[in-house]
Amino acid sequence: MAPSGINHLSQPCIYGDVGSSYAERKSRFMRWLCKLFNSGSNRGAGSGSSHHPQLVGEENMAWRAPFRSLDDRARSQKDKEDLERAIALSLAEDSKRSNGYRWRTDDDDEISSAIRDALNPNPYPPFAPTPYYPSRSGRICGGCKRDIGYGNYLGCMGTFFHPDCFCCRACGYPITEHEFSLSGRDPYHKSCFKELNHPKCEVCHQFIPTNAAGLIEYRCHPFWTQKYCPSHEHDNTARCCSCERLESWNARFYSLEDGRSLCLECMESAIMDTGDCQPLYHSIRDFYEGMNMRLDQQIPMLLVERQALNEAIVGEKNGLHHMPETRGLCLSEEQTVTSIRKRPRIGGHRLVGMRTQPQKLIRRCEVTAILVLYGLPRLLTGAILAHELMHGWLRLKGYHNLNPEVEEGICQVLSHMWLETEVMPVDKSRPSTSAASSSSSSSSSKKGVKSDVENKLGEFFLHQIAHDASLAYGGGYRAAQVAVNNYGLRSTLDHIRLTGNFPL
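Residues numbered from 1 in each chain as written. Predicted model: local features only at pLDDT ≥ 70, side-chain atom pairs only at ≥ 80, totals over all residues. Heavy atoms only, no water.

- The name given to the protein chain in an unreviewed UniProt entry is LIM zinc-binding domain-containing protein, and the organism recorded there is Castanea mollissima.

1. Looking at the packing of helix α8 (residues 378–396) against helix α9 (residues 404–423)
So, point 1. Two numbers describe how α8 lies on α9: the axes approach to 8 Å, and their chain directions differ by 140°. The pairing of α8 with α9 is recorded here as oblique in orientation. In this structure, the crossing between α8 and α9 has a hand that is right-handed. For the pair α8 and α9, contact is made by Arg378, Leu379, Gly382, Ala383, Ala386, His387, Met390, His391, Leu394 and Arg395 and by Glu407, Glu408, Ile410, Cys411, Gln412, Leu414, Ser415, Trp418, Leu419, Glu422 and Val423, respectively.
So, point 2. When its residues are assigned to classes, the contact of α8 with α9 shows 11 nonpolar, 5 polar and 5 charged. (Axes fitted to C-alpha atoms, helices over the stretch in contact; angles between N-to-C directions. Helix = DSSP H or I, 4+ residues; strand = E, 2+ residues; numbered from the N terminus. Parallel < 35°, antiparallel > 145°, perpendicular 65-115°, else oblique. Left-handed = near helix turned anticlockwise from the far one by under 90°. Contact = heavy atoms within 4.5 Å. Nonpolar A, V, L, I, M, F, W, Y, C, P; charged D, E, K, R; others polar.)

2. A word on the packing of aromatic side chains
So, point 1. Considering all chains together, one arrives at 10 aromatic pairs under this definition.
So, point 2. Where phenylalanine 166 meets phenylalanine 180, the ring centres are 5.2 Å apart and the plane angle is 80°; that geometry is what we call edge-to-face. You can see phenylalanine 166 sitting in the loop between β4 (159–161) and β5 (181–183) and its partner phenylalanine 180 sitting in the loop between β4 and β5, a full 14 residues away along the chain.
So, point 3. On the basis of an interplanar angle of 50° and a centroid distance of 5.5 Å, the ring pair of phenylalanine 223 and phenylalanine 460 is categorised as tilted. Pair noted here: phenylalanine 223 is in the loop between β7 (219–220) and β8 (227–228) and phenylalanine 460 is in helix α12 (residues 452–466), with a separation of 237 residues, a long-range link.
So, point 4. Among the aromatic residues, those joined into a ring-pair cluster are Phe223, Trp224, Phe460 and Phe461.
So, point 5. Across from the ring centre of phenylalanine 207, 4.7 Å away, lies the NZ or CZ of lysine 194, which sits over that ring.
So, point 6. Sitting above the plane of the tyrosine 374 ring, arginine 260 keeps its charged end 5.1 Å from the centroid. (Phe/Tyr/Trp six-rings, centres within 6.5 Å; stacked < 30°, edge-to-face > 60°. Lys NZ or Arg CZ within 6 Å of the ring centre and 35° of its normal.)

3. Considering the nonpolar core
So, point 1. In terms of nonpolar packing, the biggest core is built from 84 residues, with Leu371, Leu385, Met390, Ile410 and Leu489 touching the most fellow members.
So, point 2. Ranked by residue count, the leading element in this core is α8, at 10 residues.
So, point 3. Every residue in contact with isoleucine 410, bar those within four places of it in the chain, is listed here: Met390, Leu394, Ala480, Val484, Leu489, Thr492, Leu493, Ile496 and Phe502.
So, point 4. One finds Cys156, Phe161, Ile175 and Cys192 within the second-largest nonpolar core, a separate group that totals 9 residues. (Core = buried A, V, L, I, M, F, W, Y, C linked by side-chain atoms within 4.5 Å. Buried < 20%, exposed > 50% of the residue type's maximum accessible area, 1.4 Å probe, protein only.)

4. Comments concerning the pattern of salt bridges
So, point 1. All chains considered together, the criterion is met by 14 salt bridges.
So, point 2. Of the charged contacts in the structure, one is a salt bridge between glutamate 195 and lysine 200, with a shortest N-O distance of 3.1 Å.
So, point 3. Overall, the relative accessible area of 46% leaves glutamate 195 in the partly exposed class.
So, point 4. The class of lysine 200 is partly exposed, set by a relative accessible area of 35%.
So, point 5. Taken together, the salt bridges that share partners define one network made up of Glu217, Arg219 and Glu233. (Salt bridge = Lys/Arg side-chain N within 4 Å of Asp/Glu carboxyl O.)

Listed below in structure tokens is the structure:
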């Protein structure tokens, strides 16, 4: 009978005296093992049973499931009984030996475990099943560059995104709306795309509306590239009388007493009365003298209001006047003209307090006086003076009855040449300005350095002369400029005196 201390089979212990050898005990167990295996093999032969892997649950779990027949269960029960009988006989033989120490070795544990595993095979694997997660065909997020895996995702332009990774290129926030805009391969919120690409009016600062055909229609200044709604050309929006830009709603213009408007940039260098204009007038006379075109007569120069200039034009018998508004006039008739004696002061956004005085102009030569509109920037005032002085020079030198294209064209060339010396560095290689290079550079050096704003205005006035659309002023200038570039200013003037036309 087995001792009472042995009561389970999961960890069998072998008892015996000290003199019992390990080899003998092992030999007895091996005999019983062979006997049991032979009997188990005979009983299981021809059964034809097999185990196949079976999917348990859903697609994410997989392991082997046992298949057991009734014959298998009977065989297992008998194997268990044989095992118990073998152990009992072994213990009975040990008990017949003399009493001694009882011990338990690691080899005994291995033998017991081998017997138990052989007779009672575990129908399930000895490890937990590994979950299996099928991939989404290798979808990688186009934003974070990570595997998308399970959950919602977006597809756009052949690329997949996590919902939080599909972000607007402009603001960086996720696009959650059903509609969005694309620029190339960059996604945008519709509002962000409109903010970036839909043109805004630079007058009212609103998005420029579409026309009846659904197209965005706007006006754009050819030089300043100022974009604005077409409606602002007819809604009394103020326009600068100098640079032609429209008044923005967040930058008020100055209003002159004769109804004109002046922007802040043009106001910085505006000349307001006759006294302020005298230094500029004398510097332009020096410019003519440097080109060997000295004016011996002292021709009066006056700054006047718009109304006074228009009245003088009516009293003048000869001459062509630039429309829609004339800003200078070379008088050849005697007239009484109201000139500006004291410049106006600034009152809010208006220029007020201007003082004027009438002045009787007496004809002493072919030229009575030169009149220029007040309130214009220095460079524009100088360009007008250079143009009108050329009219005076032609009349004083006997150039009579010239057709408007020739006379206005050559006067525009002189105006353009003076502006070049004020705005651009003197280029000694240019034939049109080389004749006056020494005098113009010296007269320009007497003036202070111009601001970027004033230089930009000068470039605009040059652009105006070169791109004038009128036949006499624009077409005449371009024809005169070609002649001066080919033959020089002096030869061109001599040809005009003889033929009344530009040299071909």
